[in-house]
Amino acid sequence: MKDQVKKWLESGTVDIFLGMKMVDGHPLPHAFTLGNISDLEELVPGTVRYPLETFAAELAAENPDARIGLAARECTQRALNVLSLWNQAPTDRIETIKLNCCPSPLKEHAACSYLDPPEAGLFKKHFGIDNAADPEAVARFEPRERFSRWMYEFQKCIKCYGCRNICPVCFCEDCSLEHKDLIGTGQLPPEAPIFHLVRAVHMAGRCIDCGLCEEACPADIPLRLLYRKVNAVVDDLFDYRAGEGEQPPPFNIIGERPSLEPKPMENGSACPQR
Amino acid sequence: MTLKRMRFLQEVLDFVGLGGRLHMEWISSAEAQKFAQVVTDFTEKIRRLGPNPLHAFIQPDMILRPRVVAASGLKSTAAEKEDAKGSLPFTGKQ
Ligand code: SF4
Ligand code: SF4
């Protein structure tokens, strides 16, 4: 990878390359350029993740001519896809070097910080929701219990906005989560479940399931699980999966009107009786 | 599109345990009877579901509250309702 980056920088394929650099034993995001090409020695792939695509999008917006290289995982590719669909990143100016990450039956070795999540404690398993559970398992609790479990999780929130800040596909200038008419300000925990549901709804058709939010959350709230469910519903109703293909997302109402045709409904009734 | 969006919201709310409390129906201005019927049915449904469980959580001591609810065995609805009635503005009349 180092050689390739060096070649890219020297030949001008890219002006900047974003990757992780080992600093005092910690991998940190770093911009490699021709000017600091000796830093390439410390370029590391590793398991540590950071949404470098967020930097890439910002750099690209600030420097309309710059060509940007990126060490990209599979989630990075999906995030770039989403960012480009929302006109946030000029993918024609962004080159990627693929990293070995998500495991598959064909490729057992994988490097990702998500692969080794901490196990949920007994209390959390009993009263909250295990981050490793799948949405179907959560849906099997009866509604009252489900509500209590989610509320147990939500009320731990310290409103650090870490989930939003780390998210590669959260790019809005004005965030609803900070809008005082939508979510009460100045109180902890934030208005639950509104705070988390607003974010969940905004991730519909957008979240690329990288899990960075859940990793960043100091309160260990199963955010990824919630957004997974939200996206499963989007897939069900709109036949849309974020991060794949060229279709604009179904909830995209910026600019032109939404163009995605809804999928026909099976039972024809407006509201399912639950 | 609106139908789908409502379906979407219904499913998300259901997933966090607030299912069945959102309803949408197309009613023409000429369909007074249908309107009355739909409102009556939905009111009945909400009554069966009981008061919004959210109220039990919106309290100054919110941090402790869910733990209390959780620790009380999750399903002790009657006791919890009694408890909520005394301290909350919205649960008095049902
Ligand atoms: S998993 Fe979390 S951080 Fe990743 S795209 Fe979805 S909401 Fe954003
Ligand atoms: S990262 Fe966790 S604690 Fe921080 S705002 Fe998001 S949900 Fe709340």
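Predicted, not measured: the structure shown is a model, and the values here were computed from it. (Residues numbered from 1 in each chain as written. Chains lettered and ligands numbered in written order. Predicted model: local features only at pLDDT ≥ 70, side-chain atom pairs only at ≥ 80, totals over all residues. Heavy atoms only, no water.)

**A few points about the domain arrangement of chain A**
Residue and element names in this part refer to chain A.
Phase 1: When the domains of chain A are assigned, the result is domain 1 (2–98) and domain 2 (108–238).
Phase 2: Listed by partner, the interface residues are 15 residues for domain 1 and 15 residues for domain 2.
Phase 3: Here domain 1 packs against domain 2, burying approximately 1,300 Å² in sum over the two surfaces, 65% of which is carbon and sulfur.
Phase 4: In this structure, the connection of domain 1 to domain 2 is made through one salt bridge.
Phase 5: The salt bridge involving R49 is made with E215; its shortest N-O contact spans 2.7 Å.
Phase 6: Counting every contact that joins domain 1 to domain 2 gives four residue pairs in polar contact (both at pLDDT 80 or more).
Phase 7: The leading source of residues in the side of domain 1 that touches domain 2 is helix α3 (residues 74–85), at five residues.
Phase 8: Taken together, the residues of the side of domain 1 that touches domain 2 break down into seven nonpolar, four polar and four charged. (Domains from an automatic or database assignment. Contact = heavy atoms within 4.5 Å. Buried area = accessible area lost by both parts, 1.4 Å probe. Salt bridge = Lys/Arg side-chain N within 4 Å of Asp/Glu carboxyl O. Polar contact = N/O pair within 3.5 Å; in protein donor to acceptor, adjacent residues only side chain to side chain. Helix = DSSP H or I, 4+ residues; strand = E, 2+ residues; numbered from the N terminus. Nonpolar A, V, L, I, M, F, W, Y, C, P; charged D, E, K, R; others polar.)

**Some words on unusual backbone geometry**
Residue and element names in this part refer to chain A.
Phase 1: A positive phi angle, close to 50°, is found at D24, a residue other than glycine.
Phase 2: Relative to the helices and strands, D24 is located in the loop between β1 (16–23) and β2 (26–32).
Phase 3: Judged by its relative accessible area of 75%, D24 falls in the exposed class. (Buried < 20%, exposed > 50% of the residue type's maximum accessible area, 1.4 Å probe, protein only.)

**A short note on the packing of helix α10 (residues 223–238) of chain A against helix α1 (residues 2–15) of chain B**
Phase 1: Direction vectors running N to C along α10 of chain A and α1 of chain B enclose 150°, while the axes themselves pass 10 Å from each other. Judged on the interaxial angle alone, α1 of chain B and α10 of chain A are roughly antiparallel. When you trace α10 of chain A past α1 of chain B, the crossing you get is right-handed. Counted together, L226, K229, V230, V233, V234, L237 and F238 of chain A of α10 of chain A and K4, R5, R7, F8, E11, V12 and F15 of chain B of α1 of chain B form the full contact between these two elements.
Phase 2: A per-class count over the contact of α10 of chain A with α1 of chain B returns nine nonpolar, no polar and five charged. (Axes fitted to C-alpha atoms, helices over the stretch in contact; angles between N-to-C directions. Parallel < 35°, antiparallel > 145°, perpendicular 65-115°, else oblique. Left-handed = near helix turned anticlockwise from the far one by under 90°.)

**A closer look at the nonpolar core**
Phase 1: If you look at the biggest cluster of nonpolar residues, it comprises 65 residues, and the most contacted ones within it are W150, F154, I208, L226 and Y227 of chain A together with F8 of chain B.
Phase 2: Among residues more than four places away in sequence, those in contact with F8 of chain B are V201, A204, V230, V233, V234, L237 and F251 of chain A.
Phase 3: Of all hydrophobic cores here, the second largest spans eleven residues; its members include L9, F32, L40 and I97 of chain A. (Core = buried A, V, L, I, M, F, W, Y, C linked by side-chain atoms within 4.5 Å.)

**Section: the site of ligand 2**
Phase 1: The immediate surroundings of ligand 2 are formed by 13 residues, with C157, C160, Y161, C163 and C217 of chain A found nearest.
Phase 2: Taken together, the residues of the shell around ligand 2 break down into ten nonpolar, two polar and one charged. (Near = heavy atom within 4 Å.)

**Quick word on the pattern of salt bridges**
Two side chains bearing opposite charge may form a pair once their charged atoms approach each other closely.
Phase 1: Tallied over the full model, the rule gives 14 salt bridges over all chains.
Phase 2: Between D209 of chain A and R224 of chain A there is a salt bridge, with the nearest N and O atoms lying 2.7 Å from each other. Of this pair, D209 of chain A sits in the loop between α8 (194–202) and α9 (212–216) while R224 of chain A sits in helix α10, and the two are 15 residues apart along the sequence.
Phase 3: Judged by its relative accessible area of 24%, D209 of chain A falls in the partly exposed class.
Phase 4: The buried category is assigned to R224 of chain A, whose relative accessible area is 13%.
Phase 5: The partner of R47 of chain B in a salt bridge is E44 of chain B, and the shortest N-O contact between them spans 3.8 Å. Taken together, the residues R47 of chain B and E44 of chain B, both in helix α2 (residues 32–49) and three residues apart, mark about one turn of the helix.
Phase 6: Within the structure, one salt-bridge network assembled from shared partners comprises D235, D239, R241 and E244 of chain A.

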